[in-house]
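Reading the structure
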Amino acid sequence: MRGCLVMLVFVVVMFGRLLVVFSKKTDSVNIGAIMTVKTINGRVSSIAMKAAVDDVNSDPNLLPGKTLNLSIHDANFSGFLSIVGALEYMEADIVAVIGPHSSVMAHVLSNLANELHVPFLSFTALDPSLSPLQYPYFIQTAPNDLYQMTAIAEMISYFGYHEVTAIYTDDDQFRNSIYTLGDELSQKQCKLSYKAPLPPDASLTPQDIHGALVNVRSMESRVVVLNTYSKTGLMVFATAKRLGMMKKGYIWIATTWLSTVLDSTSISSSNASVLQGVITLRPHIPDSDKKRDFERRWKILSNGSIGLNPYGLYAYDTVWMVARALDKFFNEGGNISFSSDARLTGLKGTQGLNLGALSIFDGGKQLRANLLQTNMSGLTGPVGFNPDQSVIRPSFDIINIVGNQGLALGYWSNYSGLSVQPPETLYAKPSNRSSNKLLRRVVWPGNTTEKPRGWEFSNNGRPLRIGVPLRVSFKEIVTQVNGSNEIHGFSIDVFLAAIKLIPYPVPYEFVKFGDGHKNPSYTEFVNKVAYNVLDAAVGDIAIITNRTKVVDFTQPYIESGLVVVVPVKKLDSSAWAFLRPFTPLMWTVTAVFFIIIGVVVWILEHRLNDEFRGPPKQQLVTILWFTLSTMFFSHRENTVSTLGRLVLFIWLFVVLIINSSYTASLTSILTVQQLSSPIRGIDSLISTNERIGFQVGSFAENYMIEELNIPKSRLMALGSPEEYAEKLGAGTVAAIVDERPYIDLFLSNNCQFQVVGQEFTKSGWGFAFPKDSPLAVDMSTAILTLSENGELQKIHDYWLKRKTCSTQNSDSDQLQLESFWGLFLIFGVACALALLIHFCMMIREFSKHYSEQHDDQSSKSGSRSVRKFLSFADEKEEVSKSKLKRKREISMSYVNGRDVDSRNRSNRIQAEFDEE
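All values derive from a computational prediction rather than experimental measurement.

Cut-offs and rules
- Residues numbered from 1 in each chain as written.
- Predicted model: local features only at pLDDT ≥ 70, side-chain atom pairs only at ≥ 80, totals over all residues.
- Heavy atoms only, no water.
- Core = buried A, V, L, I, M, F, W, Y, C linked by side-chain atoms within 4.5 Å.
- Buried < 20%, exposed > 50% of the residue type's maximum accessible area, 1.4 Å probe, protein only.
- Helix = DSSP H or I, 4+ residues; strand = E, 2+ residues; numbered from the N terminus.
- Contact = heavy atoms within 4.5 Å.
- Polar contact = N/O pair within 3.5 Å; in protein donor to acceptor, adjacent residues only side chain to side chain.
- Pairing = 2+ DSSP bridges.
- Axes fitted to C-alpha atoms, helices over the stretch in contact; angles between N-to-C directions.
- Salt bridge = Lys/Arg side-chain N within 4 Å of Asp/Glu carboxyl O.

**Some remarks on the nonpolar core**
Note on soluble globular proteins: their nonpolar side chains tend to be buried together. Grouped together as the largest cluster of nonpolar side chains are 100 residues, with contacts concentrated most on L68, I167, L213, F237, W252, F294 and L326. Of all the elements, helix α12 (residues 310–331) adds the most residues to this core, at 14 residues. Beyond its immediate sequence surroundings of up to four residues, L213 is in contact with I167, V236, T239, A240, L243, M245 and W252. Core analysis: the second largest hydrophobic core is formed by 73 residues, L745, F760, A776 and A782 among them.

**As for the environment of N144**
In this structure, N144 sits in the loop between β5 (138–140) and α5 (145–159). Residue N144 is classed as buried on the basis of its relative accessible area of 12%. It is 8.4 Å that separates the C-alpha atoms of N144 and T124, two residues lying 20 residues apart in sequence. Once you skip the residues sitting within four places of it in the chain, N144 turns out to touch L126 and P128. Of note is the side chain of N144, whose polar atom sits 3.3 Å from the side chain of Q140. At a separation of 2.9 Å, a polar atom in the side chain of N144 contacts the main-chain amide nitrogen of L146.

**Remarks on the side chain of N227**
Residue position: N227 is located in strand β8 (residues 223–227). N227 sits in the buried class, given a relative accessible area of 2%. Here the side chain of N227 touches T255 through a polar contact of 2.9 Å, side chain to side chain. Sequence-distant contacts of N227, defined by excluding residues within four places in its chain, comprise M149, I167, Y168, T169, F174, S177, I178 and T255.

**As for the sheet that holds β8**
Ordered by their spatial adjacency, eight strands build an open sheet running β7-β6-β8-β9-β10-β15-β16-β17, and the pairing between neighbours is mixed. Because the sheet does not close on itself, it has two edges, and the strands there are β7 (191–198) and β17 (417–419). Each adjacent strand pair in this sheet contributes to an overall mean axis angle of 25°, direction not counted. Here seven bridges tie strand β6 (residues 163–169) to β7, and the two strands are oriented parallel to one another. Following the sheet pairing, I167 is matched in β7 by A196.

**Brief notes about the pattern of salt bridges**
Between side chains of opposite charge, a pair can form as their charged atoms come close. Tallying each qualifying case throughout the model produces 15 salt bridges. Put simply, R471 and D540 hold a salt bridge, and the shortest N to O gap is 2.9 Å. Within this pair, whereas R471 is found in the loop between β18 (464–469) and β19 (479–480), its partner D540 is found in strand β22 (residues 536–542), the two being separated by 69 residues in sequence. D540 shares its class with R471; the two are buried. Counted as one network, the salt bridges with shared partners bring together D170, D172 and R175.

Spelled out as structure tokens, the structure:
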């Protein structure tokens, strides 16, 4: 803090002395420039600014009657001392300063500008933390590094990379830009995984560069952003080449310092081989006649000593920007004057420094306003400022170093994002960053056009530690082979099949997790990955919300979800099973309504329909027959009345519903297992107070407690399928809640239990990797490939497919005689009673026919009587009744004492009857 205060005092003193010296000239307008002249940008900018001053002074319409004087001070790569030297060098009234060259000095000089109201304009000190709110008199006349870092982040996202390493010089010129890059990457779902700072140039050694690059090489990320000075940057690339870091697999992105080197100096053959495949950015300058004319002048201005780069154009436009603002200032009646600062009056410096000579530029506020209102067309295109004091239309060219030249891959602008079209052609169109996002094909380090993966396993000499759960139940999932260290199971086979599809070698070793006596906690298992104790976790790991917050999962390789299992029973076969669909009350009401419909239809049809008329006995039979026949829609009696038909239509619909319901219920009773508990799903399970079982180590416990609000006292941890069956069978737990794959395995050997309801969670099993691990993405792609080619299903069938209960007990599901013999009994009894009544009635009728036979007939053999009975039974009832009637007539004639002829006739009739 003390050093900074001393530095500020020196700056103020020197600037005050300079103002005093400059006050001697009245016919000229003096501006200053602070540049490190020996740098590439310093050399180019100095030439461009001098050319701009000459052009301004030769323009009769600009600053008439006045001469613009520019004094350039060489900062000479120093901080505080270079600032003091610059102030001593100035000998005119300073109204504006172009510079400083770097953000290191800008942070100090901006405070001086605020106090003395002298605008500072810089096109190279582009630190995004130089806020216009804090430093209103510091104006950046080129796109600051916020836009450059945004362009880099968008490029990295476009290429599909997620982790980035940054190498940068650790000073104000570059440090804050890297922090900005980290923020921009996070918005693109990427991250700055490692930062390798380098000491400032003054103290940098080759050993510092070598050590930083060795650390970078040990990281997984192969995407490297280099943000530094041009001299340091070339040293970094040369060292990276020796360390094998410019080969295939690496992605290097350099900031604008490299394009500056490319534009202003010729790349030697040695540097060209080092820089092959590097991507860099260049401030985009639209093509124009002004630009082309200046490029033709440049060879004369520079004497061919250095090439023109965009910062030379920005330097030229900055001088014109100041000249136009001053011209407006004078046209509005402004005068160059300075006021003393009362806080410095009377102060004495040391060694001849006069602090009291410092004064404030009275027109500084107006000049700053004029500068921010600039609206002109310069060499760099339209020149102006946004309300936040940033330049309008920031954009960059994206360059790929191939050979000793840079090939254009495309452009980036704050308006349209990435595009192969120049930004100026897109400003007139609606902004559409998604459709424009496109770049030309890149030649990467190693002279390949195949896009690098962007990461490799850490070069630390050890394989990946892949954790596997040491399960004691459901060993089809993961199990350790007895007497060996081999791990087998469904999850393991899926992992091994997927890892074979990864297009690069993946060294790994399995690390067992658990004590082997009970299933491990899978939450702790996943946390081992989150805390980098394990590099990955493979097994039956459910993908749930809490876990996805700390690790990345692959694509699920099997669907899963929590289900409820309860005991079931199959009802014993019963002779009266056909009565079960209806309750006794239902049977009674149904029978009553069958009688009611018969009576109602008879009443409605009796007077109109002959089929419902006749003797009372016949009508009663008709009613009963009609009623019962409607059950099967087989009634033959026609209804003629409108009301009768209406009632019958409604009744037939009711009978249809009753028949359908009866059939469906009877089918269910005879074929479907019945639950032995009232639980029908998770909702009914929650509403009870029964105990619930869950698998040891499963997330089901926390889910039921936290999400379903089930008291922990109701939960019971169970360790094996055998314990599941034991506790469910004994009624210790009313239900088991577990994931579907486990339950399928459990039910394959325990058919006395059944899943009720639907899965009340939807998830799957996946492999866990640390956050943002690129291997998780490649493993997901491999799992999808296994799914598409059918290999995943084959692994599933090998380990998890078992015979289901329905196939094992197919014979037991067949309907047996025991379920229907009651119906057959009723039918048999009905048939027997009907035959008995029929034979009784027939014998009675036969007795009537033959009760008055002659003695000689009655003495005949029994065999003849049997034949007569069989003959009688074979006769139609009408014939029998006709003979009986004739017999009665003969009997009546005999009783009434008719004459002998009548008796003879009767005998003759009797004889005919006997013959028949």
